[in-house]
Amino acid sequence: MRTVGVEEELLLFDRQSGEPRALSSAVIARAAKDSAEDAAAGTASSGADGGEVPGTDGRPGRSTDYRDPEDEAFEKELHRQQIEFATQPHTDMGDLADEIRRWRADAARHADDVGGAVAALATSPLPASPAVNVGPRFAWMEQQFGLTTREQLTCGCHVHVAVESREEGVAVVDRIRSWLAVLVALSCNSPFWQGRDSKYASYRSRVWGRWPMAGPAEIFGSAERYDEQVETMIATGVLRDEGMVYFDARLSHRYPTVEIRVADVCLEAGTTVLVAALARALVDTAVAEWRAGTPPLGHGVSVLRLAAWRAARSGLEGPLLHPVTMRPAPAEEVVAALLDHAQGALDANGDLGMARKSAAGLFEHGTGARVQRDLLDRTGSLGAVVTECVRRTQA
C-alpha cells in the first residue's frame, strides 16, 4: 500500500482581534525549545513515530525514516503570519488523522504561549498586511515577483503520495490532471479576502495562480520530457530553482513522491484526510491505467484552467466541469464520478466507506467556505468567524 504524507500551512492570528499576526519566529522558537526539553528528558515529540515527507519550495526535506529529536517540527513559510508542518508518511488514514490533529494541537499551544492563535484557514477573513519572512530565498522572491509575493498570504494543503519510479510518477501526473479540480471543490476554505467576500469558495487558488509557474501542466509522456521542461523553465531565469516549479501536481526532486498541491488547507482535519485518501486513490488508479496502456485524458491546459476556476468559484454549491467531458454538471454528480473513478483503489486501501461518508458530510454540513459564510451570517463579525475557526481547527 502506498504511503501518504501531508503538509499543512496554518495562519497565525491575534488572540483578541482575530487579525493576522507576524508570530512565526516566536512560535517556531517556542516549538524548538519544547523539542529540546523533550530530547533532554528522553521523550519523543508528540507527532514523532516515523519518517516524514519532504519539505516544499526547495527546502531540505526531513528524514524519511525516523525524526531526529532535534528537528524542528514547524517551519517558516513565505510570510511571518503563517507556519507549516509536515506529517510522516502513513498507510493508514486513521494514523494520518491522529498525527494531523497532534500537530495542530501543538501549533495552537505554541501560538497561545506567545499571545496568538492558529487556524486552518486558507486566507484571512479580516484584512491583513502580510510581512515577508527573512532569508535569501524569500528576499529573492520579493525582488523578483514584487506585489505578487507580498500579497501571497495563502495557506494550502500538499499531499505527497509514494511512487516507485520517476517514470511512474510522470505517468501519474499525466493521468490525474483532469481530476484535480474536484479536490479544489472539496477542500475550498477561503471565501474572504481583505475583509470582503470574494464570491469565490477558494479564493486562495486564484491568488496562488498569480505565480507565473503555477497551475496545470501539459501531458509530458515521459520522465525525460518532464525533466526537459523543468530545465527549460529554470533556464528562463524567472524561477530560482526546481523548488519553484509550482505545477498542480509535480515530482519531488528529493524523494520518490508525487506532490499534489491544489487543495486549500482544510478547516477540519477530517477533510484533509479525505483529500489525502482521494489523492492516493487517484495515484493508484493512474498507475493501473498506465500499466494497462490506457492513455491520459487529452484535455488542454486552457480547459483545465477553466475547470479549476469553476471549482474555485462554486465549491460544492454550484456546477463543476466533469473531468471526463469538461461539460458543466452538478457538483454531486462530479464528486460521485471521482469516487467511481477511484473506487477500486479506495476499496483496496480500506478508504471507500470513509471517503463516501466524508464527501456526503461536506454536502450536508458544508465545506470550510460554507462554514465561514454561515458564521458571518449568524454573527455579523469576521472576528467571530476567526474565533470559531480557531476552535474548529483543533476539533
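From a predicted model like this one, the values you see are computed outputs, not experimental measurements.

Criteria and thresholds
Within each chain, residues carry numbers counting from 1 in the order of the written sequence. Given that this is a predicted model, residues contribute local features only at a pLDDT of at least 70 and side-chain atom pairs are listed and counted only at 80 or more, while totals for whole chains, interfaces and linings are drawn from all residues. Each side-chain value is worked out from all heavy atoms of the structure, with water and hydrogens disregarded. Comment: elements are numbered from the N terminus, with helices defined as DSSP H or I runs of at least four residues and strands as E runs of at least two. Helices are assigned an expected span. That span is 1.5 Å times one less than the residue count. Residue exposure (1.4 Å probe, protein chains only): buried if accessible area is under 20% of the type maximum, exposed if over 50%, otherwise partly exposed. Counted as a polar contact is a pair of N or O atoms within 3.5 Å, where, for protein atoms, one must be capable of donating a hydrogen and the other of accepting one, and residues adjacent in sequence contribute only when both atoms are in side chains. Any two residues whose heavy atoms approach within 4.5 Å at even a single point are treated as in contact. Following DSSP output, two strands are said to pair if at least two bridges run between them.

Bringing helix α2 (residues 93–113) into the picture now. Every α-helical turn comprises 3.6 residues, leaving residues that sit three or four positions apart pointing alike. The end-to-end C-alpha separation of α2 is 30 Å, in line with the 30 Å expected for 21 residues at 1.5 Å each. Considered for burial, the residues of α2 that qualify are M93, L96, A97, E99, I100, W103, R104, D106, A107, A108, H110 and A111. The backbone nitrogen of G94 has a side-chain oxygen 2.9 Å away, supplied by the residue at the start of α2, namely D92. G115 occupies a position one or two residues after α2 and carries a positive phi of about 85°.

What follows concerns helix α9 (residues 269–292). End to end, α9 covers 35 Å across 24 residues, agreeing with the expected 34 Å (1.5 Å per residue, within 8%). Burial within α9 is extensive, with 18 of its 24 residues counted as buried. Following α9 by one or two positions, G293 has its phi on the positive side, about 85°.

With that settled, consider the environment of E84. Inspection of the secondary structure puts E84 in strand β3 (residues 82–86). For E84, a relative accessible area of 3% translates into the label buried. Sequence-wise, E84 and R102 are 18 residues apart; in three dimensions their C-alpha atoms are separated by 14 Å.

As a further point, take the side chain of S178. Residue position: S178 is located in the loop between α5 (166–176) and α6 (180–187). Taking the relative accessible area as the measure of exposure, S178 reaches 4% and is therefore buried. Those residues in contact with S178 that sit more than four places away from it in its chain are L297, H299, L304, P323 and M326.

The next subject is the pairing of strand β5 (residues 156–162). Judged by how many residues are buried, β5 sits mostly within the fold: seven of seven residues are covered. Here β5 shows a buried face lined by G156, H158, H160 and A162 and a second buried face lined by C157, V159 and V161. Direction of pairing for strand β1 (residues 4–14) relative to β5: antiparallel, over a ladder of five bridges. The residue of β5 that forms the bridge with V4 is V161.

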